[in-house]
Amino acid sequence: MEFKPVKRMMDSGNPLVHRIGHYLAYLWQYRFIYTTTVVNDFKGRFRYTALGYLWHVLNPLTQIVIYYLIFTVIFGRDIPNYWIYVSTGMFTFNFILQSVIGGCGCIVSNSRMVTKMAFAREMLVASKVTTNFITLAISYAILSFLVLASGAGLDWRIVYMIPISLCLAVFCLGLAFFFSAVTVYVRDVANAMGILMSCMMFALPIFYMAGQRSTPGMELFWSINPMYYFVESVHDVFYSGVSPDMTTVLVILIISPVAFAVGLLVFKKLEHGFAERL
C-alpha cells in the first residue's frame, strides 16, 4: 500500500520527482522496522526498572531541579530565571549530542542485522533520532509547565518551538546519517566526536549568555556554527520571550535541509560498503 502523493510522484514525468517517489516507496516498505525500533528503544530504555516510563519524566525534571539549585541558588543569583536559560540550552544541545553519538554507533552496533538482512538501513538511524526527539519533546513540555508555574510566563511565541524543533530534528537526522556511515569506515570518529561535542558544550552560550562572553573570535565561531542558531532560537522563545531573530530563522531554514541532504547522500554513497567493512 502506498500513499497517493508518493504514487503521483512515482508517475511523474520529472526524472528527479520520479526517483524521489520510488525512494519514498522503498522506505515505506520497511516502515515496520522504524516503528518497531522506536517503540523497543523507548520501552527498553527503562524496561527492567521499578518506575518504568516515569523515568522519562523524572530525568528531565531532575536536570531542571539541579540547574535551578546550581545556577540560580548558588551561582546565578544576579541573573533572573537563569535556570530557564541553562535548561533550554542543555536540552537542545543534549538532543544534538545524543543524535551525533547515537548516530555514530547505530549501524556498527547493529552489524549482524545490517550484514544478514536486506532492508532500508536508514530506518535504524531515523529510529534513533526519533527516540531522542521524543525525549526532547517531553523535556520541553515539562520545562514549559515549570516556567508557567514559576510565574516567569510564556506567551504565544511558544508556537515558534514547533518549526524550530522540527528543523532541529531534520538537522540532527542529517548529522546522524553522516556520522553513522563514516563511523563504519573510521571507528575513531565516534571517540573523536565524543571529545569534540564535550568541548562544544562550553564553546556555545549554554552556561553563559552570548552578550557576556562576546569576543570577535567567539562571534566568528558562533556565526559559522549551526548549533549556535538552534540554541539561541530556543533561548529567545523560552527565556527572553521574544520571536527568534530573522537571521537566525533564515539560517535554520537553510541549514536543516542542507544538512539532511548532505548526510543522506553520504550515507547512500557509503552504504554499499557496509557489509564488507562490518
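Everything numeric here is computed off the predicted structure, so don't read it as measured data.

## Concerning the environment of K128
In step 1: Within the secondary structure layout, K128 lies in helix 7 (residues 122-150).
In step 2: Taking the C-alpha atoms as reference, K128 lies 8.0 Å from T37; in sequence the two are 91 residues apart.
In step 3: Excluding residues that lie within four positions of it along the chain, K128 makes contacts with D41 and G102.

## Here's the deal with a nonpolar patch on the surface
In step 1: A cluster of nonpolar side chains, namely L250, I254, V258 and V262, defines an oily patch on the protein surface of about 340 Å² accessible area.
In step 2: With relative accessibility at 49%, the residue I254 sits in the partly exposed group.

## Here's the deal with the side chain of T92
In step 1: Relative to the helices and strands, T92 resides in helix 5 (residues 82-106).
In step 2: T92 gets classed as buried once you look at its relative accessible area, which sits at 0%.
In step 3: The residues contacting T92, other than those within four sequence positions of it, are L136, Y140, L168, F230, V231 and V234.

## Quick word on the environment of L58
In step 1: Its location among the elements puts L58 in helix 4 (residues 55-74).
In step 2: With a relative accessible area of 24%, L58 lands in the partly exposed category.
In step 3: Separated by 81 residues in the primary sequence, L58 and S139 place their C-alpha atoms 9.7 Å from one another.

## Describing the packing of helix 7 against helix 8 (residues 161-185)
In step 1: Remark: helix 7 packs on helix 8, axes separated minimally by 10 Å, with the N-to-C direction vectors making an angle of 145 degrees. You can see that helix 7 and helix 8 cross each other, and the crossing is right-handed. Residues E122, V125, A126, V129, F133, L136 and Y140 of helix 7 pack against M161, S165, L168, A169, C172, L173, A176, F177 and S180 of helix 8.

## Structural notes on the packing of aromatic side chains
In step 1: The tally for this structure, following the rule as stated, stands at 13 aromatic pairs.
In step 2: Considering the side-chain rings of W222 and Y228, the 5.4 Å spacing of their centres and the 5 degrees angle between planes classify their relative orientation as stacked.
In step 3: Judged by its relative accessible area of 3%, W222 is buried.
In step 4: Connected via pairs of aromatic rings, a cluster forms that spans F177, F260, F267 and F274.

Criteria and thresholds
Residues numbered from 1 in each chain as written. Predicted model: local features only at pLDDT ≥ 70, side-chain atom pairs only at ≥ 80, totals over all residues. Heavy atoms only, no water. Helix = DSSP H or I, 4+ residues; strand = E, 2+ residues; numbered from the N terminus. Contact = heavy atoms within 4.5 Å. Patch = residues over 30% accessible without salt bridge, like charges linked within 9 Å, V, L, I, M, F, W, Y side chains within 5 Å. Areas by Shrake-Rupley, 256 points an atom, 1.4 Å probe, with all protein chains shown as cover. Salt bridge = Lys/Arg side-chain N within 4 Å of Asp/Glu carboxyl O. Buried < 20%, exposed > 50% of the residue type's maximum accessible area, 1.4 Å probe, protein only. Axes fitted to C-alpha atoms, helices over the stretch in contact; angles between N-to-C directions. Left-handed = near helix turned anticlockwise from the far one by under 90°. Phe/Tyr/Trp six-rings, centres within 6.5 Å; stacked < 30°, edge-to-face > 60°.

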